[in-house]
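Descriptive analysis of the structure
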Amino acid sequence: MPPSAPSTRRTNRPISTNRTNSVLKYFAGIILLFSLFTFYHQSTQIHHSTSNLDNVLQLSKEAFLKLEKQWVEEEDEWEQNEGKSMDIMSNKLAAENDNAKASTTTTSADANNHTGSDTGSVIPIDLSVNFLQHIAKAPGAPPDPIMAKSASSHRPPEDFLPVVTPNNINFRWRHEGRADAKPNDLKVTAYKILVKPVGQDGSMSIVWDSGKVTVNDVDGERVKHVSGNGNFSAIMGQILSWSVTLWDGSGRESTSQWSKFAVGPDDGEWKGKWMVHPSDMDMFDKTTAAWKSAHGIECNMWEMRRPLPLFRTKVSNIARDKKIVSALLVVSGLGSFRASVNGIPLSTSGPIDPPFTDYAKRVMYRGFDITPFTQDSEMVIGMTMGSGWWDHRPVSGMAKPQLLPRGPVTVVAQVVITYEDGEVIVVGETGGDSTWQVTRGEMVDLEVLSYMEGWDTVDGWKDATARDSAIKDPYNEINKWIGTVPYRTDVTLEQRVQNMSARAKAIKSSEMKKFEIGHNFADPIGKLIPHEIAPVMPIEEIAPDEIHDLGDGRWLFDFAKAFSGMLHFDEGVPEPIVPTSYPRAHGFKKASANGDGFITVIYGESLEMTTGDINRVLVAGLGLHDGGPRHVSKSKDHTKNTKCFPPDHDAILSQRDVYVVPKNADKSAYALARQSHFTTHSFRFAEVCCTKEPPKGVRALLYRTAVPEWGNFDSSNVLINGGYELVKNAMISNMLSVQSDCPHREKLPYGGDLIADSFYRKTIVDWLDAQWSNGAYTETSVWQDLNDYAGIGHGAGETVWASAPPVLSVRHYQHYGDEDLLRMSHPHHVEWLEFLNKYFDDGMREKGYDDELEQYVSPPKSGLGDWLAMRNRDTYLTHTGFYMASGRCVAYIARVLGNHDDEMKGLEVANKIKDRIARLYLKNGKDDFDFPRGRAENTPGPEMSLFSRIVPGRKRCVVLKNWFKRAGHTWPGTEEFLFIDGMSEEDKKEWIESGELTKRGSKWAMGWSQWQGFNEGIFAIRYSLKTLSETGLHNIALRKAAGTGMATPEYMMSHNATTMWESFWRSEDLYSRNHPMLGALAEWMSASVSHWSYYGKCYIALSFNFEILIFAKAAGVSLHPTTTGGQKMLFWPQFPKSASTLKYASAEQGSARGDFAIAWRFEDLPEDESKYNSAVVSIRIRLLVPPSGGASLRFPVPQSSTVTASLHQASILPNLSNARLEAKKECQESRRKKLGFHYNWDYNRTSEKWFKRFAAKAIGTPCDSFLFHSSLDKTEWGQSSSVTKQMTDKTTEDLHPGLYEVIIKDWPLEQEVEGTGRIGNIPEYYQAEGDISPYCNDESDYDWHIEDATHII
């Protein structure tokens, strides 16, 4: 079967599946959606013979290929027009009506005084306001939902409209060089910003003209305007567009396209008030009969608030004898919401809208341009509601959602109308005597969806009736429209914070105030602010790769990679059949008892090895499960007495959608099923049950926070590429308004995971909200009482996790240069440092760490430390190291802000703690940098202290050398032993010969490697790889990343992984298989394999800077340690000793300035690969620096005196946009052919044996860099200059904007260092005479410098 057609197979025997979840219809009450996270996870392939489903799959694939062709053509046109903005992110925009067109982003050809020739060498791209980009249409938006016949003919102008407040407007943009530009012209010498109302043209329409502002390289990237400065006074309700004109080095100009934003209300400008369904509000009032009838039992009260409410209002009489310029709807809803006008949804977002924050402190609102709908006679505004994080099912597991603020589902909204003469009115506001109505109808069944059609249209409007207090069953309130009531609570924010502080032990009982206890006990709602980040939106549509017939009407859809999202049924679902008995979690007892028909969808990332079913355990919400079929980690009755556990989930809190049609309803209602809206599932596999034929037109929608993706990594090595993809896919899955630890289990933002992988500006603000009054930071950005035992007490999370806010603040500044964030966060970080100064030493003693560590023998004592490492964890070092880092961060930020006193305070603490660590860890005289009684077997080892400049300079070389005495060990894991027992003798023999199996006592065991794989945990992965590369031992770092066997990316992929696991060992019932925690691997790849070090960019940052830094390191590019605002990169290409490891590598890294890129390849390689260890070759390196950017090029140390190197720059910039586009097409074609990782272990449930199944996969597919695309072969290069001396002297070359090429001649390849085997050490290094590194004795790296953001920790 061709790769383009997903294969279809039938299982040898039926498989029982798990999960039931209700799906939300489009805008009426669709069904019972019980979406709950999941914990237990497993991977196993189903082995089956072919079936006759090829036609279904072929139709699906053909439809997607057709769409993909359309998308590529549109992207081609987009690239040729040199646009690179999320304004054009949509590849499928439907035609807009004339008025909508007038409201959308226009092009630079618009007649707005932009009269320049537009031939400048620097093109402004990616315009943003307050870090937010306008999104015309989400790229993964599904087909339009079924519209009511009475729905409006108008459409919303965009999917996401950035909203600012009048006093906080920041304009930003990035740069791209124009084809045929000369290098000296690739700089910005001046800029001009114009702002105008959307839809208005001509010079008289401009509301602000900055004038031509001369700038230097630093200033041209960001401009801030504050309302009232005499230039630009923004007014609430304005819908504006802005553009920027840039002047290049020769004075020629280029003007951007117009980009749209709106001005929303400040907190004091809101007329709308939070409103609620009366019955829901009663459940939070202890004086009501409803509350008393529920006996105060939380689960009973939650059930009485189902079905969820729908809200609506009608806006009339806004037409005047003057033109309406704009109509802006501003709205928010808790838990989550989807807004519509006259039956038309306003956005494809919804699963987590508003974004997850501490809702008692701040709640984000959206703005929607509804100007097109003012042409209708009237406007009905509808709000469909989900529970979200606000009114979730009151079930608790390893996370404690009951600690989150909570209340009844509630809405706040208002419409701001602006007229041509400047008059502004507010209409349609919620609360008070408004016309807002409410009913129930969300998450019921498909029949409700049908008969409530048009509820949010003018034709469907009817006046509200009086509330019937006699109604006891909330299902009898469906489609009964009544008036709303105001949200009310007697709980103040101060009271709630004190209650939480007391639970966290962050406040003493003697310090607590007494509050009067009222009868309205809903939590307070925080300040309303515009979105700080883009919403969670559909980013990709994915066709099924395979469909499996499991028998009895069950169909398993395999989408070939894991992600977060849900299924979308383009044609609805077939009528169900009723099996003899429903597989686990596919039943729906209530519907069966009523005789109703239903279809269930179960989601999961892997298959249960002993049954072939979807493994529900590994994705069990809150970790609530019974251990699955084998009951290894939990007893079968584990969840039996869990309060409010869903009755149809069969002991495992499952990811499930359910579509219901009542028994007497028209069966055509099944055709209305489309998708769930208010949840996301994490899955690769989805099982649909039970239908005679599989549903047609099935696609998966990948949802994530819609930030733009900056950067990419590629190489010739499938294993290294696969490791990068594992991390990237896990990151994508977990970007759900917070960067979560796993997208199905807790879904929480842990500090350690963020420090290891990524950060957002919003995340820092979340932590500032969570900080206790005593200065302590928490482990998660919304406190969940998780692992507080591991901290030093008084409400603090474990020091390493709780130090996330200051560390992220510094790294954010390094990337984006956002001084405002530093000013806002600095006082909080100072309070945290003062907290540590006060409590740290005593807290550590209480945890059992004596001052001289003489009693510290068997770590860990307290804390997670380098979590889920293969070694024991040295928690003292991580606790203390991040205390030091907090001091460094305070000093760094204070230096930027000009606060000398705080700078000195921070440095004093940081140096004191650094010296303490150095004294204690050199105390034993072994120079292995370990605690006094340590045996050089814990993690982090010396790598963290070498990287962070803790090891004294005079000791760096010897400590580095002694590091290589460390070796790996065998692993006693249960699943690994069972796997070995189930291997064939032939496979076992192969593993013994390769060193993947060694004896542990009398048994064969898998082993983890120190130097040919990973043993490190969440933090030390980063430190080990970066330390190796930075000290010139890059070949060893590459060998770790490209290793095979246990604790490597290869091991995960061989067990069918497409996302990074939480642990390096295989877990079938405990640890998540979609977890970015170990993802620091990706940070190194770009920075070292391709090596471009966006100094300090080890994180996938706010702009979805897929910063692959581990991978970036592997390629050779990273942030320069001392850069700010992403102005400067470090290019440091390094190579393996042998071309057998790697033949080429590349990385592209975005920054606030533009896109940097590097690519290198060995040339003149012999055809005989056996000579890859001895040949003399050439190396070609290409480097791209964007306009107004800069870079330092650090050359690899030559391996022979005969090596020469030359550098030249392109005299004319070639068409890089076209090269990038063509290279992307070629890469996509290679991925379609599945040229990546090629096998996986499968389990034969009949013989109970494991076998290797060879199957083509896309993951890991090698792709060539656009910098080496054939279209660039005719690039005109300037005069070449020798840089051989710079290589020999280990000096750097400064690079200015442009395209460069380095050619290295006579580079000798050699055999890689072998060491003493896969799990052995490397005597070639630790027994070597003299220094083993060309850089360890570099005095410039002896100490940490205050401007260095990279090596803070």
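Scroll up a little and you will see the structure.
Residues numbered from 1 in each chain as written. Predicted model: local features only at pLDDT ≥ 70, side-chain atom pairs only at ≥ 80, totals over all residues. Heavy atoms only, no water.

Looking at the packing of aromatic side chains
For the record, the criterion: Each Phe, Tyr or Trp ring (for Trp, its six-membered ring) is paired with any other whose centre lies within 6.5 Å, and the angle between the two planes then decides the class: stacked below 30 degrees, edge-to-face above 60, tilted in between. The helix count covers DSSP runs of H or I at least four residues long, the strand count covers runs of E at least two residues long, and both are numbered beginning at the N terminus. Each residue's exposure class comes from its accessible area (1.4 Å probe, protein chains only) as a fraction of the maximum for that residue type: buried when under 20%, exposed when over 50%, partly exposed otherwise. For a ring to carry a charge above it, either NZ of a lysine or CZ of an arginine must fall within 6 Å of the ring centroid while also lying within 35 degrees of the normal to the ring plane.
Overall, the coordinates contain 58 aromatic pairs when judged by the stated rule. Arranged with centres 4.9 Å apart and planes meeting at 45°, the rings of Phe-979 and Trp-1250 form a pair that is tilted. Of this pair, Phe-979 sits in helix α19 (residues 974-981) while Trp-1250 sits in strand β48 (residues 1249-1254); the two residues are 271 residues apart in sequence, bridging distant segments of the chain. Judged by its relative accessible area of 1%, Phe-979 falls in the buried class. Note on Tyr-1239 and Phe-1254: the rings are 6.2 Å apart at their centroids and 55° apart in plane angle, and the pair reads as tilted. Of this pair, Tyr-1239 sits in strand β47 (residues 1239-1244) while Phe-1254 sits in strand β48, and the two are 15 residues apart along the sequence. With a relative accessible area of 11%, Tyr-1239 lands in the buried category. Sitting over the ring of Trp-1061, Arg-1073 keeps its end group 4.7 Å from the ring centre. Lys-1252 extends its terminal NZ or CZ atom over the ring of Tyr-1239, reaching a point 4.5 Å from the ring centre.

Side note on the nonpolar core
Note the following rule: Nine residue types can take part in a nonpolar core, namely buried Ala, Val, Leu, Ile, Met, Phe, Trp, Tyr and Cys, and a core is a set of them joined through side-chain atoms within 4.5 Å. Only heavy atoms matter for contacts: two residues are in contact if any of them lie within 4.5 Å across the pair.
Counting residues in hydrophobic clusters, the biggest one holds 212 residues, and the most contacted among them are Tyr-921, Phe-964, Phe-1131, Ile-1304 and Trp-1307. Broken down by element, this core gets its largest block of residues, 11 residues, from helix α15 (residues 875-897). Residues contacting Phe-964, with those up to four places away along its chain left out, are Trp-1011, Leu-1028, Leu-1033, Ile-1036, Asn-1321, Ile-1322, Tyr-1325, Tyr-1326 and Ile-1332. Membership of the second largest hydrophobic core comes to 41 residues, among which are Ile-542, Phe-563, Ile-599 and Ala-706.

Details of the state of the cysteines
Spelled out, the test is: Cysteine sulfur atoms are paired as a disulfide whenever they fall within 2.5 Å.
Going through the model one piece at a time under the given rule, you end up with 4 disulfides. Across the disulfide from Cys-689 sits Cys-690; the S-S distance is 1.8 Å. Exposure class is identical for Cys-689 and Cys-690. Each is buried. Residue Cys-957 pairs covalently with Cys-1336 via a disulfide, S to S 2.0 Å. On the sign convention where negative means left-handed, the S-S torsion of about 100° between Cys-957 and Cys-1336 marks this disulfide as right-handed. Remark: Cys-1336 occurs in the segment after α28 (1323-1326) and Cys-957 occurs in helix α18 (residues 956-963); sequence separation between them is 379 residues. Judged by its relative accessible area of 13%, Cys-957 falls in the buried class. Sequence-ordered numbering of the bonded cysteines in the protein yields a pairing of 1-2, 3-4, 5-8, 6-7.

Considerations on the side chain of Arg-745
In plain terms, the rule: N or O atoms closer than or at 3.5 Å make up a polar contact, with two conditions inside protein: a donor-capable atom paired with an acceptor-capable one, and, for residues adjacent in sequence, both atoms drawn from side chains.
For Arg-745, the position within the fold is in the loop between α9 (718-733) and α10 (751-757). You can call Arg-745 buried: its relative accessible area is 2%. Within polar-contact distance, the side chain of Arg-745 engages the side chain of Glu-1062 at 3.1 Å. One polar contact links the side chain of Arg-745 to the main-chain carbonyl oxygen of Leu-1070, over a distance of 3.5 Å.

Brief notes about the environment of Glu-1293
Examined against the element boundaries, Glu-1293 turns out to sit in strand β50 (residues 1292-1295). As for Glu-1293 and Phe-1195, which are separated by 98 residues in sequence, their C-alpha atoms are 8.4 Å apart. Residues within four places of Glu-1293 in sequence aside, it is in contact with Ala-1191, Ser-1192, Leu-1193, Phe-1195, Leu-1207 and Gln-1286. Within the structure, Glu-1293 has its side chain in polar contact with the side chain of Gln-1286 (distance 3.1 Å).

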